[in-house]
Amino acid sequence: MFPGNGVQRNATGFRSVFSCLVGVSEMSAQSAARCIKPRDSKETALSMGSSWNVVFHSGRQVCINFMKMAEQTLEDGLIFYVNGKKIMEKNPDPETMLLPYLRKKLRLTGTKYGCGGGGCGACTVMVSRYDPQNKNISHFSVNACLLPICQLHGGAVTTVEGIGSTKTKLHPAQERIAKAHGSQCGFCTPGMVMSMYTLLRNNPKPTLEEVTEGLAGNLCRCTGYRPIVDGYRTFCEREKCCQINGTACCMANENGSVGPVVNGQLELFNKDGLLPLDPTQDLIFPPELMRLAESQERISQKFIGERMTWISPGSLDELLQLKADHPQAPIVMGNTNIGLDIKFKGIFHPVLLSPTRVHELFKVTQKPEGVCVGAGCSMSVVKSVLEKSIGSFPPENTHMFRALLQQINLLGGQQIRNVATLGGNIASAYPNSDLTPVLAAGRCTLVALSKEGRRRVPIDKDFFLGFAKTAVKPNEIILSVFIPASRKDEVVHAFRHAPRKENALATVNAGMRVWFNENSSVVKDISIYYGGVGTTIVSAEGVCKQIIGRPWEDATLSDGYGALMDDVTLMASAPGGKVDFRRSLTLSLLFKFNLLVLQYLQEKNVFLKEIPKGLQSTIQPLPKHIQPGYQEFQNVLETQLAQDPVGRPMVHRSALSQATGEAVYCDDLPHIDGELFLAIVTSSRAHAKIIRIDFSEALKLPGVVDVVIADDIPGKKCRNIVGFNEELLAKSEVTCVGQMVCAVVADSEAHAKRGAALVKITYEDLQDCIFTLEEAIEKQSFFLPKWKIGRGDVEKALEDAEQVYEGEIRIGGQEHFYLETQSFLVVPVGEEQEMKVYLSTQHPTFTQVAIAETLGIPSNRVSCHVKRVGGAFGGKVTKTSILASITAVAAWKTGRPVRCVLERGEDMLITGGRNPVWGKYKVGFMKNGRITAADFQYYVNAGNTADESVLVAEKILLHLDNAYNIPNLRGQSAACRTNLPSNTAFRGFGVPQCMLVIENMITDVAHKLGRRPEEIREINMYKELSLTHYKMKFDPENLVRCWEECKEKADIHRRRQAIDIFNKENQYKKKGIAIVPIKYGIGFSMSFLNQAAALVHIYNDGSVLVSHGGIEMGQGLHTKVQQVASRELNIPTSLIHISETSTECVPNTCPSAASFGTDANGMAVQDACQILYKRLEPIRKKNPNGTWQNWIMTAFLEKISLSTTGYYRGQDLYMDWEKQEGKPYAYFTYGVCCSEVELDCLTGEYRTLRTDMVVDIGRSINPSIDIGQIEGSFIQGLGLFTMEELKFSPSGMLYTRGPGQYKIPSFCDVPLKFNVYLLAGSSNPLAIYSSKGIGEPCLFLGSSVFFAIKEAVAAARKDAGLTGPFTLNSPATPERTCLACATRFTNMVLQSKAGSTSGSAQPWALDI
Ligand SMILES: Cc1cc2nc3c(=O)[nH]c(=O)nc-3n(C[C@H](O)[C@H](O)[C@H](O)COP(=O)(O)OP(=O)(O)OC[C@H]3O[C@@H](n4cnc5c(N)ncnc54)[C@H](O)[C@@H]3O)c2cc1C
Ligand code: FES
Ligand code: FES
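A brief report on the enclosed structure follows. None of these values were measured; they are calculated from a predicted model. (Residues numbered from 1 in each chain as written. Chains lettered and ligands numbered in written order. Predicted model: local features only at pLDDT ≥ 70, side-chain atom pairs only at ≥ 80, totals over all residues. Heavy atoms only, no water.)

## Overview of helix H41 (residues 1384-1391)
Among the residues of H41, those classed as buried are Phe1385, Thr1386 and Val1389. Each buried residue of H41 sits inside an arc of 100° when the element is viewed along its axis, so together they form one side. Residues of H41 that are buried sit in contact with helix H18 (554-567), helix H19 (579-603) and helix H40 (1374-1380). (Buried < 20%, exposed > 50% of the residue type's maximum accessible area, 1.4 Å probe, protein only. Helix = DSSP H or I, 4+ residues; strand = E, 2+ residues; numbered from the N terminus. Arc of directions from axis to C-beta. Contact = heavy atoms within 4.5 Å.)

## A short note on the packing of helix H30 (residues 991-1009) against helix H39 (residues 1343-1359)
At their nearest, the axes of H30 and H39 sit 11 Å apart, and the two run at 25° to each other. Compared by their axis directions, H30 and H39 come out roughly parallel. Two packed elements cross with a definite hand, and for H30 against H39 that hand is right-handed. Across from Leu996, Glu999, Asn1000, Thr1003, Asp1004 and His1007 in H30, the residues of H39 making contact are Ser1343, Phe1346, Phe1347, Lys1350, Glu1351 and Ala1354. (Axes fitted to C-alpha atoms, helices over the stretch in contact; angles between N-to-C directions. Parallel < 35°, antiparallel > 145°, perpendicular 65-115°, else oblique. Left-handed = near helix turned anticlockwise from the far one by under 90°.)

## Focus: the environment of Arg1357
Mapped onto the fold, Arg1357 is located in helix H39. Between the C-alpha atom of Arg1357 and that of Thr1383, which follows or precedes it by 26 residues, the distance is 7.8 Å. Setting aside residues no more than four positions away along its own chain, Arg1357 makes contact with Leu1362, Phe1366, Ala1380 and Cys1381.

## Things to note about the site of ligand 1
Among the 33 residues in the neighbourhood of ligand 1, the closest are listed as Met333, Thr336, Thr421, Asp434 and Ile478. Here Thr421 contributes a side-chain N or O atom positioned 2.6 Å from an oxygen atom of ligand 1. The protein chains hide 92% of the 980 Å² of surface that ligand 1 would expose on its own. Here the element with the most residues in the shell around ligand 1 is helix H15 (residues 422-428); it accounts for 5 residues. Residue composition of the shell around ligand 1, grouped by class: 18 nonpolar, 13 polar and 2 charged. (Near = heavy atom within 4 Å. Polar contact = N/O pair within 3.5 Å; in protein donor to acceptor, adjacent residues only side chain to side chain. Areas by Shrake-Rupley, 256 points an atom, 1.4 Å probe, with all protein chains shown as cover. Nonpolar A, V, L, I, M, F, W, Y, C, P; charged D, E, K, R; others polar.)

## Thoughts on the nonpolar core
By size, the foremost hydrophobic cluster in this structure holds 213 residues, and its most contacted members are Tyr232, Phe936 and Trp1188. Considering each element in turn, this core owes the most residues, 11 residues, to H30. Once you skip the residues sitting within four places of it in the chain, Phe936 turns out to touch Lys920, Tyr921, Leu960, Leu969, Arg970, Gly971, Gln972, Val997, Ile998 and Met1001. Core analysis: the next-biggest nonpolar cluster, separate from the first, contains 92 residues, Leu322, Ile342, Val419 and Ala429 among them. (Core = buried A, V, L, I, M, F, W, Y, C linked by side-chain atoms within 4.5 Å.)

## A closer look at the environment of Cys185
Mapping Cys185 onto the fold places it in the loop between helix H5 (172-179) and helix H6 (189-202). Along the backbone, Cys185 and Gln1115 are 930 residues apart, and their C-alpha atoms lie at a distance of 7.1 Å. Beyond its immediate stretch of four places on either side in the chain, Cys185 contacts Cys222, Gln658, Tyr665, Val869, Gly870, Gly871, Met1113 and Gly1114.

## So, helix H23 (residues 749-758)
Here H23 has its buried residues at His751, Ala752, Lys753, Gly755 and Ala756. Residues of H23 that are buried in the fold lie against strand E25 (676-682), helix H22 (696-700), strand E27 (704-708), strand E31 (740-746), strand E38 (898-901) and helix H28 (904-910).

## Details of the pattern of salt bridges
As enumerated under the stated definition, the model contains 78 salt bridges in all. A salt bridge links Glu288 to Lys86, with the nearest nitrogen and oxygen atoms 2.6 Å apart. Of this pair, Glu288 sits in helix H9 (residues 287-296) while Lys86 sits in strand E4 (residues 85-89); the two residues are 202 residues apart in sequence, bridging distant segments of the chain. Classification of Glu288 as buried rests on a relative accessible area of 16%. Judged by relative accessible area, which is 30%, Lys86 ranks as partly exposed. Asp961 is paired through a salt bridge with Lys1079; the nearest N and O atoms lie 3.1 Å apart. Here Asp961 is found in the loop between helix H29 (949-958) and strand E41 (968-977), whereas its partner Lys1079 is found in strand E44 (residues 1069-1082), with 118 residues between them in sequence. (Salt bridge = Lys/Arg side-chain N within 4 Å of Asp/Glu carboxyl O.)

## Description of the packing of helix H38 (residues 1263-1282) against H39
Relative orientation and spacing of two packed helices are given, respectively, by the angle between their axes and the distance between those axes. H39 packs onto H38 with a crossing angle of 40° between their chain directions and a minimal axis gap of 7 Å. Between H38 and H39, the angle is such that the two are oblique. Residue-level contacts link Phe1274, Leu1278, Phe1281 and Thr1282 of H38 to Ser1343, Ser1344, Val1345, Phe1346 and Ile1349 of H39. Looking at the contact of H38 with H39 residue by residue, the class counts come to 6 nonpolar, 3 polar and no charged.

## Notes on unusual backbone geometry
Here the bond from Leu784 into Pro785 is cis, since omega is 5°, no more than 30 degrees from zero. Here Pro785 lies in strand E33 (residues 782-791). In this structure, Pro1371 follows Ser1370 across a cis peptide bond, with omega equal to 5°. Counting through the fold element by element, Pro1371 comes out in the loop between H39 and H40. Despite not being glycine, Asn503 has its phi angle at roughly 50°, a positive value. Here Asn503 lies in the loop between strand E20 (490-497) and strand E21 (508-516). The class for Asn503 is buried, based on a relative accessible area of 9%. Of note, Asp947 is a non-glycine position whose phi angle comes to about 45°, a positive value. Relative to the helices and strands, Asp947 is located in the loop between strand E40 (931-943) and H29.

## Some details on the sheet that holds strand E26 (residues 688-694)
Spatially, the 3 strands line up as an open sheet ordered E30-E26-E32, and their pairing is antiparallel. Taken across any chain shown, the strands that pair with only one partner, and hence form the sheet edges, are strand E30 (733-734) and strand E32 (760-765). Across 6 bridges, E26 lies against E32 in antiparallel orientation. Within E32, the residue paired with Lys689 across the bridge is Glu764. (Pairing = 2+ DSSP bridges.)

So this is what it looks like as structure tokens:
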């Protein structure tokens, strides 16, 4: 029997939040596994006889049908606890998820909305449940956005507010992420904290692997993850650490010591004195819920909401009856599929069945032939069951268990695995389910049950009938799944390849099984299934036929590959695209299976030939242990006062509030009486006339108050953005899918969204859509002016050059993916046309002006308030002003407060991103590597409006040289008008794109000359006092220093040799290394933007309130400003407060952008503080020993003003395009980065093994914040250049509208060794305290990974006999990389293209 007492202690959580696993205890894997047996007869005792039926209707109880009942339940309906407080809901709406319930109803706003689809982890909370069967309490991390509250009956929810606070006591999970600088904008932080908290609750001493696994379901767009890993690494038990340092602790430095000082170098955060884990701090599981669980296990419940009815049966019989009565009603288990369908596809189900308390669905039994797992078991439970089975079965029988476990370990994130069920996965019949190919290959069967009886159904090709269709009948349920143990001489393997290593649905996956005759290599039976290559899983029957009965050897397998080409056919238009890649993956995975089987046969002494050495690494996984990063920065001078914080690694001033969920973001503001919600209606056509907008049905919907159209705008109907008008709402014509047409306002978000869905727009399509840059060029579709710049005589130099090469590269766009979506709350004050606007923007003044112009009122009636922004990266300037204006029109029209918070999908669709760029070049060079001429052309995909794209095209020409002194240089750029959503500013503003072009050109030159790219870089780099191509003088000394130091720190020469050897020895694994520099201009070339103002008040008690025009969006601006004020006023930072940025306090602000925030606002605050400090001088002189508080009170009594403004008038920067000269930047920030990757050429998957960066940021005001910006932007660049891919349909609709489809870097993408060095001995007289702007420059350094991949690809191509330059577009996704490697398998596919993949069908996605 199974011991059942005590709290389960499994890091991953043993059970579904909702499940009652029978038969798995907290014993060690081996002993518990021995104990897995069928449950005793209690199971059969369950029947309808003792069930309860309690029916609730919205607002009132309409029917009670019970045989036995606990009174409390009858009266109280749904009962659960949140942070130790009891919640009773008599009439919960089945459509309400826990996230909005927590945020809106309970006002627990620490839990954040990031995507609503389980993909980002911002909404992570812990759910605890008591299982009356085995008397266990279990704790799970879950995504609150996918958890229906109806499913919470008897559960205890813990949110970030429930574990600690700044007012009481912090939890170590909160303290450590904050103190390790792992919280920048802070929007992801509560989710990270709760994932870590849940892990610690189950496992107080996790290994580093468990930490990263526990956090894999959480995304962060700011930090680059390294500080989060390093902060949470401190929980790892030393002896259980990753052991990356051999036997020493992974936290130790090279001398083996652990502490704040490593080799005499200060560390960014002090690990001493951190709060210890204290279990007594944790909330206990409410005893009442235990009693409830014991007494009401079998009660069935029914909740009737506005549209849907929720029935939770108490027994299996009742479930079967319900299924018979409502065959179309879905079974809601983890809600990870059905929830998404309801939410995103608008699928409506009048009845939902939730059998989470039907014990039979969670039963686990083990027999000698295999394991039978209840269909309701979550992935975490199945994982645990498999782990135990692996421990208890003889090893030769565990192949199937291992294969399935491998897939489950990589399925979704931890939160998904904790709730998603086995039965749900099978019933969902995803074409790329990770489980079904293995289940099918592994001879699994399931039990389907209905009132009519039970049947055992094999999970095979006949079971899956098509997309989301199986052989399970509508009146049946899946009861259990039988996973057979592998037989003697049977081998099973599973494979998956996904666009990101973790938390991403597979592109292609496979399950493969072969059974041999005893002691022979002759195949008795074989089964191969692929996922991701059709509407359902595909059985490679042709391959199996080829192989069966034959010995396992090269000739057999060769025939198998041939047959596979026929088994897996994909039309050119196949949904999901990547047709050639997917087909080549099927071959590559079969090849990997071949090697694994050969290895098996060799171990069994059946196959006596050695697997060639060069192939052995093919089946080794890529390395994944993240080692502690090293950060080197300058210490402050010994003479600096201890209190003076400038130059010290001070923690972000809001980090603790962010980690406790106390930090307030726009949508955390409480609901205001009478408040309405606004939902946007967007165009579904790329280019069409609007014939009619019919919103009559929407207006009939309960709760809908009004609809806003263009004609409702009282003032200007267009925004003028840098000289181009942009309609706020389209009136007569739409020019892209996603263009805003009208907006519905209603009393709730749900009503507004339902109303928006009912608006009917009649279009007349216009036929001249332009999507691609080629089309735009052909049709001369540009936003003018086009830009041109040049120096020297390019034509002549090209003629004189010893070699000339023409190349090109395309750089895809990038979604900002700030974790906080665009959010607004516009409140009409009610008199004199005043509007108070709370929003998430980088540029409050721009929005203030936009709203004033839109409403036709003066700016002095509109005040914009920004407390903080949950990430922006350039995406919260222009688009924000338009959305805010529309929201303001709604508030104006209705006279009521209006809130608008975009859903992630809407945000991605409407607001655009980084401009895709096509760069072409012609380069002339000498045999010695000197580049004498370069001629560039850049085409920028602007989208349907100009926005700032013309300025992006301008900035591209100003940075086209990057760090290279090319004597004859010419560039032309143009912003192309297309029928795609309008793009906008994004960190770097075109610079990363143009720098990639020149670095690619240099790589081509190197490949042409057969030399190392770094040699060509070095030969052509600016080295002495120079002029840029626009005649700005600068000294590149620090650029050269960064270059030399980076080469040395990265030990590039030695590592190159090691890489050469590795590449020679390995056929399908290749390594590459690349080093790239940046020279990045800081400041705005539009001179008027280089100004800032501040307002500083000193109150009588000595406390100081600083207001300035900059926005805190995670970059630590307020922290640095606080440091400035502290130094200038000579007081501790604790006396200084920054509340918000408001146009009421500081008018006419400039955007927080261009890496100029601290330069400008720091100076303004310095000015104000110096004025005030000077005013206090007579008092200080009179009373030199007085305290600050004494002086302030005296000043007040002496009628000295304690408030002043400060102002910074920046440099007069300019660019004269007529003369082609200017000084558009205040100065340059320099940096150099070296990265090394290991690439799997068969799948295109890579891992960044190591990154070293040396960056010149002058004297850092706050090294921890600056290093945070460096690392965060590097990872964003790594995403841009290697992963993030926007896909548009042939009709111009964005497919990639959420984290499910659009992959930003995650924990698994952090370089395994990530070292950052701030250049010592640098200073900068042109910025405050000799610092330099750093927000944007290092984004481009992420390209070092791109070029390292390119080098690895070049090595693979060399093996294929291909040398010289080749095109690898950005992002270097696994698809592009794998195809560029030209392996035997990609070649097979490309050669066969004339066959199945060809045809006239339009590809699934556009190549924009
Ligand atoms: C963010 C995210 C990441 C994901 N990543 C992966 C991944 O990497 N690999 C992968 O394979 N999958 C992945 N998934 C899919 C996930 O595995 C499935 O959605 C999940 O297994 C479905 O189980 P569920 O319990 O949530 O089903 P639900 O959503 O509750 O139900 C889904 C469907 O199954 C039916 N159903 C459920 N149980 C039964 C039953 N016992 N009998 C009959 N019908 C039943 C329901 O009627 C419904 O139609 C991911 C999902 C999300 C949201
Ligand atoms: S908001 Fe729930 S996972 Fe993104
Ligand atoms: S700090 Fe993680 S998203 Fe901003």
